[in-house]
Each structure stands twice: as structure tokens, then as C-alpha cells.
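Coordinate analysis (summary)
One-letter residues, chain by chain:
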Amino acid sequence: MNKLLKRLIVLLVYKIDWRKLFLILTIVTTVGIVLQISLLPFPLSTWLHSPMIRITSAKDFSNSLHLSLRHGKHWPLHQISIPVSLNSPSVLNKRVHSVERKRRRRKKREEEFQIPASPPPPPRSPPTPLQRYVWSLSPKEALLYAKKELKNATFFGNGSDLYAPIFKNVSNFQRSYELMELILKVYVYPDGRPPIFHEPHLSGIYASEGWFMKLLEGNRQFVTRNPEMAHLFYLPYSARQLQQALYVQGSHNLAPLSLFIRDYVNLLAAKYPFWNRTRGADHFLVACHDWGPYTLKAHKELVENSIKAVCNADLSEGIFKAGKDVSLPETTIRVPRKPLRNIGGGMRVSQRPILAFFAGNMHGRVRPLLLQHWHNKDESMRIYGPLPHRVSKQISYIQHMKSSKFCLCPMGYEVNSPRIVEAIYYECVPVIIADNFVPPFDDVLDWSAFSVTVAEEDIPKLKEILEAIPLKRYLKMLQNLKMLQRHFFWNSRPIKYDLFHMILHSIWHSRLNQIQIPD
């Protein structure tokens, strides 16, 4: 027995190649594991991450197998540590459905902040003889031609689809608009990196600058890639993005923003010849942030010569210049995919119990004064700070506007207010309370036809002023307001006379005003 044992030990120690044996065993083990996993009804990760289920009976086992087959591939990884009792399978269903609902809501929010792609433009028709003639002119000659044509504009009949009562001179506007469509070419500087440049901000109260940037940069009719053919040059930055990127919170120091814009313009002047040809007179910017005008102060030519389309159109600051600069509408966009949501639907005049309505934060010099004189003083004057929750539960902010005859639009920190456009959208005659404010498109629109302007010092007499407006005149103003709405609409693909075109036209019109016809 001992001899057999000794021989076996010698055989194992000296005759067997242990390296080969270990390799063979490793291969056999690995193949066995792979085969076992491949025979599982679901991937291994499903079994590892499935909820822990306690089985106490054959019935429980049957139910657990049913749950695995039904829900196994849908179990989210972040739910793996939660034990679920099979005696209450509804708990598992609720958690799965809750996660799915959250995923759908998140996807919906992401989709809301994406603008649908514009359909391709219709094919171009062959150019007319007039188009060929105008296109043969140099930019300077084309502007001079437009200036002469505009000077000789005559009254037209009822063939236009424009509503004359809301315009100062509808014939002049229509002819100027036609010339813009015929002639205008804009060069968009490609310089500058996102997020400050070429990255539009499409929601909130500063959305005007972002929507204009997006729609212009995607436009084929007015944008040219050849700067030698351009009549205007666009500085494609966002004042809102500039503030978010460079402003140090709480510092009250705008110098870094102003110096950044100065350096950007100096870079363009050094790289291209176009700024120096006119000292910036044919360049324009579009800025809706309250600080927009103040960020230009470090560059003298930018302030004095360029065309500034800004929401903060304050004559008292010495930066905005009436006749040269453009008052940009401040539009509140909550859902960029549906910028026209809730528009219209104002109540009939006989069903509007509220004479005047305002609700908002108490900043600036005017709003506290408004609250002091009219809050809880008169049932027909619904003047609040932030709209109280107990009130908004009964009637929302938008329904307040649609149920009011007049909507007060007092200035905030600056003269501009998004309530002006909100009042237009919700068919409530706007009452502008902001001294030194130039309302949007004041160069072409007759604001007295659809709005009321009240001096800040007349706030104590506000009700008296509004009640003195005859019903006949009020009804006419309300009708004019409804006809005005189309000119303040953002569309994912611009439509004639809409807000994009109105802004562009005011910039074009400002450029024409600079042109002098030689004697």
C-alpha cells in the first residue's frame, strides 16, 4: 500500500505538466460559466439589479416568475437597493410607472426649449428687371436709391393688408418695407465663440435678442456671406449671455462686460475694413437685457454711431438716441416651442369688471408709488405686488389681464416692461407709466391709437384719467390692439410683418435716415 502511494506521488510530482493542467481547467471553467449565463432567460445585469423579492410559498414563486418575465428588462438601475414584497406587486408597478412619467416629463421639458426646424423656403422665382437693376448697384448706391424712392412714396388705396389706423404713415411704412425686401443684405460677423456669441437665449423676459439672432442667422433672404455686398453689419452677441458669463454676482461692476465688448469691436475693426469705413454707422446690435446700453460705454464710436436695438430705450441716460436707435420689444417667452400660447381671448368689454390691473415685484421708483396710492383702495383698481396665492387660485395672472379694460405697465429698475407686449397679446389696453421711455417701433407705430401714456407724477389721478376715456374711443383702441398683435408675434419661420421683420425694418429704416440725398 505504501509502495503504491509513493508511486502515485512520484507520478503526480514529476510526470504531470501542472501549467498545462491549470490552463485546461481555467478554460473549462470559463466555458462553463459562459454557457450558464447564456441559458438565463434575461441578461445577467437584469438578475443582479432586479428588486429583492421574498418568496414564502409556491404561489409566491409563481408570482415572482411572472413579475420577472413582465418587468425585468424595464427595472431602472437606480432602484436596485429597494426591497419589494411580492404580497404588494402594485408597489413595484407604481415605482416603474413613476420613473417612466418622470422620464417623459423631462423629455417634454427638453423638447419645449427646442425650436422646431423651419421648413425649407419656397423655390426662388426668376428676378424681375427691377431686382436685376437694384442688385447691380453698389451698397451705397442702393441705399441712395431707396432713400429717393421713400421720399416720393405716395398714398395707396385699400389693396394693402396693413391696418392703417395703427400706423403714423402707413404708405411710408409699406414702401419702406418693400424696399427692405428688395434691397437689404446683412452680413453677420462669424467671429466670437458661444455662449456669448451665436448662442441665442430663447426663453424668459430677455428672449427678444435671442429670437432675433436665431432667425436672422438662419435667414437666406436678408443675410449675405459677401460683406462687400452688405448694407448692414450685425454684431451677433447676447447681452443676457454676456451678463451670465462675465458678471461677478454682487459686485455691482459692469466694467468687465463693457471692456469685453470694447475689445470685441476693436478686434473686428482691426481684422475687417468695414467698421472703419463708416466708424460703425452701418453696424447694429440687438440687446434686451437692462444692462445692454451700459455695456457699450467703453467704446465711444459704438455708443455714438452704431444702431442699437435695445429694450432699455431710455432717453434720459444719453445712450439711446431717438431717430437713430431702435426700441426693442421685451417679450416674455415661457415655452420656446409655443411662443404664441395663450395669446388672444380677451373678454367682451361688458364682461370686464376690472378697470385697471397690475401685479409684479416692487422694484424701481414707480411701482411702490403705484402700490401706495391704489393697493386695496378701490375694487375696480386691482393693484398688487406679487399676485397673492389666494387670488391666483381663483383667477390667474393671464386671466386678470384678459378680464381688465386697462393693464398698467409701470417701469421696473429700467423704463422697459414686458407687460406692454403681454397686454397686446392678451387684448388689454396698455397704460405705460415710464417717463423718458420710447415705446417699440415708435418710428412707424402710432401708440396713441392703442395705448395710454400716464406721467409718473399723475399716478394719484390714474383712475380719473382712465375713466375719462370715452367708451367709443376705448372700443376703437381695443380693436386697434387686436389688429396690432400680428406685428408682435414670434414665428419659428418668420412671416411678413411679424416681430422679426418689424425689428429688422426699424434697423433698416434707421440706416436710411442716415443717408443724405445730394443736391
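Note that the structure is a prediction, hence the values are computed from the model and not measured. (Residues numbered from 1 in each chain as written. Predicted model: local features only at pLDDT ≥ 70, side-chain atom pairs only at ≥ 80, totals over all residues. Heavy atoms only, no water.)

**Things to note about the packing of aromatic side chains**
The criterion, for reference: Pairing of aromatic rings covers Phe, Tyr and Trp, the last through its six-membered ring, and needs centres within 6.5 Å; plane angles under 30 degrees mean stacked, over 60 mean edge-to-face, and all others mean tilted. Summary of the burial criterion: residues with accessible area below 20% of their type's maximum are buried, those above 50% are exposed, and those between are partly exposed, where the area comes from a 1.4 Å probe applied to protein chains only.
One pass over the structure, following the stated rule, counts 25 aromatic pairs. Judged by centre distance (4.8 Å) and plane angle (20 degrees), the ring pair of F167 and F173 falls under stacked. Given a relative accessible area of 1%, F173 falls into the buried group. Grouping aromatic residues by their ring pairs yields a cluster made of Y187, Y189, F233, Y272 and F274.

**What to know about the pattern of salt bridges**
Basically, it comes down to this: We define a salt bridge as a side-chain nitrogen of Lys or Arg found within 4 Å of a carboxyl oxygen belonging to Asp or Glu. Helix and strand definitions here come from DSSP, where helices need a minimum of 4 consecutive H or I residues and strands a minimum of 2 consecutive E residues; each element is numbered from the N-terminal end.
This model, assessed by the stated rule, comprises 17 salt bridges. Of the charged contacts in the structure, one is a salt bridge between K168 and D442, with a shortest N-O distance of 3.8 Å. With a gap of 274 residues between them, K168 in the loop between α7 (139-151) and α8 (170-183) and D442 in the loop between β9 (429-433) and β10 (452-453) connect regions that are remote in the sequence. The shortest N-O distance in the salt bridge between K463 and D378 comes to 2.4 Å. Here the residue K463 occupies a position in helix α18 (residues 462-467), and D378 occupies one in the loop between α14 (367-374) and β7 (381-383), the gap between them amounting to 85 residues. By relative accessible area, which is 19% here, K463 ends up buried. A network of salt bridges, in which partner residues are shared, links E149, R175 and E178.

**Observations regarding unusual backbone geometry**
Here P194 and P195 are connected by a cis peptide whose omega angle stands at 10 degrees. On the secondary structure map, P195 appears in the loop between β1 (186-188) and α9 (207-217). One non-glycine residue, H198, lies in positive phi territory at about 60 degrees. By the secondary structure assignment, H198 is in the loop between β1 and α9. Look at H198 and you get partly exposed, because its relative accessible area is 24%. With a phi close to 55 degrees, F441 is a non-glycine residue in the positive phi region.

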